[in-house]
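# Geometric and topological summary
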Amino acid sequence: MKRIITLNVNGDDYEVAVKPNDTLLDVIRYELKLTGTKKGCDIGTCGVCTVIMDGEAVLSCLILALDAQGHKITTIEGISTEEELHPVQKAFIEKGAIQCGFCTPGIVMTAKALLDNNPTPSDEEIREALAGTFCRCTGHIKIIEAIKSLIPEQR
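Residues numbered from 1 in each chain as written. Predicted model: local features only at pLDDT ≥ 70, side-chain atom pairs only at ≥ 80, totals over all residues. Heavy atoms only, no water.

Once that is clear, we can look at the nonpolar core. With 26 residues, the main nonpolar core has Val88, Phe92, Ile107, Ile126, Leu130, Ile143 and Ile147 as its most contacted residues. Among the elements that take part in this core, helix H3 (residues 104-117) stands out by supplying seven residues, more than any other. Apart from residues no more than four positions distant in its own chain, isoleucine 126 is found in contact with Leu114, Pro121, Ile144, Ile147, Lys148 and Ile151. (Core = buried A, V, L, I, M, F, W, Y, C linked by side-chain atoms within 4.5 Å. Buried < 20%, exposed > 50% of the residue type's maximum accessible area, 1.4 Å probe, protein only. Helix = DSSP H or I, 4+ residues; strand = E, 2+ residues; numbered from the N terminus. Contact = heavy atoms within 4.5 Å.)

Shown next, in the form of structure tokens:
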């Protein structure tokens, strides 16, 4: 039996009918049509479904939509404007940290949450934040370079 809930995604409230076992990922992709958040492993190991919930990077495939009520959710669509990319997105492009792009939204959201909460992360803190994400094309070297380029003293 479906239940009507309200989700705040990218600053907008959406009323959606969800089943008790619907994940936040499925609601974001298939109900809200925000397909920048990717569906990968569905068991929380690849990180492609990462969104930001109340300022923290979370795996949307492991969160029930019902449990996301009352929280502020940001997807990759919510961090840039039509005119301008987010600085993390710009850094990924400038440093060549993108190849096929499938994992990029999840990793960008992970990096954004890291830098929002810690503007000067150490190399170890960057690697730890990225530990739950996979990029099969580039690996994490260029991604780490992109994140480090956003640290004020390393510009």
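As summarised here, the arrangement of the five strands in space is S2-S1-S5-S3-S4, forming an open sheet in which the pairing is mixed. Where the open sheet ends on each side, the last strands, each with one partner, are strand S2 (12-18) and strand S4 (56-59). With strand direction ignored, the average angle separating the axes of adjacent strands in the sheet is 45°. Note that strand S1 (residues 3-9) and S2 share seven bridges and pair antiparallel. When the sheet's bridge partners are listed, isoleucine 4 is paired in S2 with alanine 17. Sheet contacts for helix H1 (residues 24-31): S1, S2, strand S3 (50-53) and strand S5 (72-74); angle to S2, the most-contacted strand, approximately 105°. (Pairing = 2+ DSSP bridges. Axes fitted to C-alpha atoms, helices over the stretch in contact; angles between N-to-C directions.)

Within H1, six of the eight residues are buried, which leaves the element mostly enclosed by the surrounding structure. Those residues of H1 not exposed but buried are Leu24, Leu25, Asp26, Val27, Ile28 and Arg29. Structurally, H1 contributes buried residues whose contacts are with S1, S2, S3 and S5. A positive backbone phi angle near 60° is found at lysine 33, which sits one or two residues after H1.

Nonpolar side chains collect at one region of the surface, where Leu85, Ile93 and Ile98 lie side by side and expose about 240 Å² of accessible area between them. Its location among the elements puts leucine 85 in the loop between S5 and helix H2 (87-94). (Patch = residues over 30% accessible without salt bridge, like charges linked within 9 Å, V, L, I, M, F, W, Y side chains within 5 Å. Areas by Shrake-Rupley, 256 points an atom, 1.4 Å probe, with all protein chains shown as cover. Salt bridge = Lys/Arg side-chain N within 4 Å of Asp/Glu carboxyl O.)

Moving on, we come to the packing of H3 against helix H4 (residues 123-130). Here H3 crosses H4 at 135°, and the two axes come no closer than 10 Å. Taken together, the axes of H3 and H4 lie oblique to each other. Seen from above, H3 lies across H4 with right-handed handedness. Within the contact between the two elements, H3 uses Ile107, Thr110 and Leu114 and H4 uses Glu125, Ile126, Ala129 and Leu130. Of the residues contributing to the contact of H3 with H4, the split by class is five nonpolar, one polar and one charged. (Parallel < 35°, antiparallel > 145°, perpendicular 65-115°, else oblique. Left-handed = near helix turned anticlockwise from the far one by under 90°. Nonpolar A, V, L, I, M, F, W, Y, C, P; charged D, E, K, R; others polar.)

Treat this as a map of the structure, not an account of what it does.
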